[in-house]
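Reading the structure
Residues per chain, in single letters:
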Amino acid sequence: EKEVSNVLMELSSSRPGLTLVAIQTSPLESKGEYSRLPLVLQLRGGFQSLGAYLVSIENSRRLIGVENINLVKEDSAGLSIRMELSAYLMKEGAV
């Protein structure tokens, strides 16, 4: 679906101070007029860069919820970050 591709492009676009290690999607779940796309992102970077990334998600025109964040301190590379997200997509033909 085109909307899924757009969400993935938005979430994986380059962010200063963060490196996207992996992105994993699960099947779309029907939620009435919307579909829920569960995602898991694995990132590396600094705490302040993560904060800026979360602000960009908050300011997105898409409805994206942060379900869980797990931070692990790495030696010199900053943080290893695992984020569980839900992106909500309007179904085709829904008003």
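Residues numbered from 1 in each chain as written. Predicted model: local features only at pLDDT ≥ 70, side-chain atom pairs only at ≥ 80, totals over all residues. Heavy atoms only, no water.

**A few points about the overall build of the chain**
What the chain contains, in helices and strands, is two helices and five strands. Starting at the N terminus, the α and β elements of the chain follow one another as α-β-β-β-α-β-β. Oriented by its inertia axes, the alpha-carbon framework of the chain measures out at about 50 × 20 × 20 Å. Counting the 95 residues in the chain, one finds 31% classified as buried. By element, 51% of the accessible surface of the chain is carried by carbon and sulfur atoms, the whole surface being about 6000 Å². Here the chain contributes 10 positively and 11 negatively charged side chains, and the mean placements of these two sets differ by 2 Å. (Helix = DSSP H or I, 4+ residues; strand = E, 2+ residues; numbered from the N terminus. Buried < 20%, exposed > 50% of the residue type's maximum accessible area, 1.4 Å probe, protein only. Areas by Shrake-Rupley, 256 points an atom, 1.4 Å probe, with all protein chains shown as cover. Lys, Arg positive; Asp, Glu negative; His and termini not counted. Charge placed at Lys NZ, Arg CZ, Asp CG, Glu CD.)

**Digging into helix α2 (residues 47-58)**
The periodicity of an α-helix, 3.6 residues per turn, causes residues three or four places apart in sequence to face the same way. The terminal C-alpha atoms of α2 lie 17 Å apart, and with twelve residues this matches the ideal 16 Å at 1.5 Å per residue to within 8%. Among the residues of α2, Ser49, Leu50, Tyr53 and Ile57 are the ones counted as buried. Buried residues of α2 fall within an arc of 100° about the axis and therefore sit on the same side. Exposed residues pointing more than 90 degrees away from the buried face of α2 are listed as Phe47, Gln48 and Glu58. (Expected span 1.5 Å × (residues − 1). Arc of directions from axis to C-beta.)

**Some details on the pattern of salt bridges**
Summed over all chains, the structure comprises five salt bridges. Note that arginine 44 and glutamate 74 form a salt bridge whose closest N and O atoms lie 3.1 Å from each other. Of the two residues, arginine 44 is situated in strand β3 (residues 34-45) and glutamate 74 in the loop between β4 (63-73) and β5 (79-90); the sequence distance between them amounts to 30 residues. The exposure class of arginine 44 is partly exposed, given its relative accessible area of 36%. Across the salt bridge formed by glutamate 84 and arginine 82, the nearest N and O atoms sit 2.5 Å from each other. The exposure class of arginine 82 is partly exposed, given its relative accessible area of 32%. (Salt bridge = Lys/Arg side-chain N within 4 Å of Asp/Glu carboxyl O.)

**Here's the deal with helix α1 (residues 2-12)**
Taken together, the buried positions of α1 are occupied by Val4, Val7 and Leu11. Each buried residue of α1 sits inside an arc of 60° when the element is viewed along its axis, so together they form one side. For α1, the exposed residues set more than 90 degrees away from the buried face come down to Lys2 and Met9.

**Comments concerning the environment of leucine 41**
Relative to the helices and strands, leucine 41 is located in strand β3. You can call leucine 41 buried: its relative accessible area is 0%. Along the backbone, leucine 41 and proline 16 are 25 residues apart, and their C-alpha atoms lie at a distance of 16 Å. Leave out the neighbours within four places in its chain, and leucine 41 touches Leu11, Leu20, Ala22, Ile23, Tyr53, Ile81, Arg82, Met83 and Leu85. (Contact = heavy atoms within 4.5 Å.)

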